[in-house]
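# Inside the fold
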Amino acid sequence: MAKKVVATLKTGKGKEYSKVITMVKSPKTGAYSFKEQIVHNDHVKDAINEAKA
């Protein structure tokens with residue numbers, strides 16, 4: 001499935017978007033998980049700052 005998303009991002013208007021992967025720590029177990037988002041290039045820093053909060 002990831003290949004499909006990456007392939008569609010490389011064509012047409014998909015170049016305006018980026019895939020942001022952030023690492024999130026679970027408050028219950030302390031284990032880390034990864035959260036993936038596809039955001040517009042203008043909002044990449046906002047998505048990263050949102051994940052830190």
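Residues numbered from 1 in each chain as written. Predicted model: local features only at pLDDT ≥ 70, side-chain atom pairs only at ≥ 80, totals over all residues. Heavy atoms only, no water.

In the annotation of an unreviewed UniProt entry, the protein chain is listed under the name DUF4295 domain-containing protein and assigned to Mucilaginibacter robiniae.

## Details of the overall build of the protein chain
For the protein chain, the helix and strand inventory stands at two helices and two strands. Taken from N to C terminus, the helices and strands of the protein chain fall in the order α-β-β-α. Buried residues in the protein chain amount to 11% of all 53 residues. Residue pairs in contact within the protein chain that sit at least 24 positions apart in sequence constitute 21% of those at least 6 positions apart. Summing over all exposed atoms, the protein chain offers an accessible surface of approximately 4,700 Å²; the carbon and sulfur share of this is 58%. (Helix = DSSP H or I, 4+ residues; strand = E, 2+ residues; numbered from the N terminus. Buried < 20%, exposed > 50% of the residue type's maximum accessible area, 1.4 Å probe, protein only. Contact = heavy atoms within 4.5 Å. Areas by Shrake-Rupley, 256 points an atom, 1.4 Å probe, with all protein chains shown as cover.)

## Observations concerning the pairing of strand 1 (residues 17-25)
A regular strand carries its side chains on alternate faces of the sheet. As paired strands, strand 1 and strand 2 (residues 32-40) are joined by nine bridges and run antiparallel to one another. Residue pairing across strands places Val-20 opposite Gln-37, the latter belonging to strand 2. Between strand 1 and strand 2, which pair antiparallel one after the other, the connecting turn spans six residues, and Gly-30 there sits at a positive phi close to 80°. (Pairing = 2+ DSSP bridges.)

## Re the pattern of salt bridges
Pairing between side chains of opposite charge can happen when the charged atoms of each approach one another. The tally for this structure, following the rule as stated, stands at one salt bridge. Residues Lys-19 and Glu-36 are paired through a salt bridge, measuring 3.4 Å at the closest nitrogen-oxygen approach. Placement of Lys-19 in strand 1 and of Glu-36 in strand 2 is noted, with a sequence separation of 17 residues between them. (Salt bridge = Lys/Arg side-chain N within 4 Å of Asp/Glu carboxyl O.)

## Observations regarding a nonpolar patch on the surface
On the surface, Ile-21, Met-23, Tyr-32 and Phe-34 cluster together into a nonpolar patch covering about 490 Å² of accessible area. For the nonpolar patch, the elements supplying multiple residues, two or more each, are strand 1 and strand 2. Following the sequence through the fold, Ile-21 ends up in strand 1. (Patch = residues over 30% accessible without salt bridge, like charges linked within 9 Å, V, L, I, M, F, W, Y side chains within 5 Å.)

## Concerning the side chain of Thr-22
Counting through the fold element by element, Thr-22 comes out in strand 1. Judged by its relative accessible area of 11%, Thr-22 falls in the buried class. Thr-22 has contacts with Ser-33, Phe-34, Lys-35 and Ala-51, leaving out every residue within four places of it along the chain.

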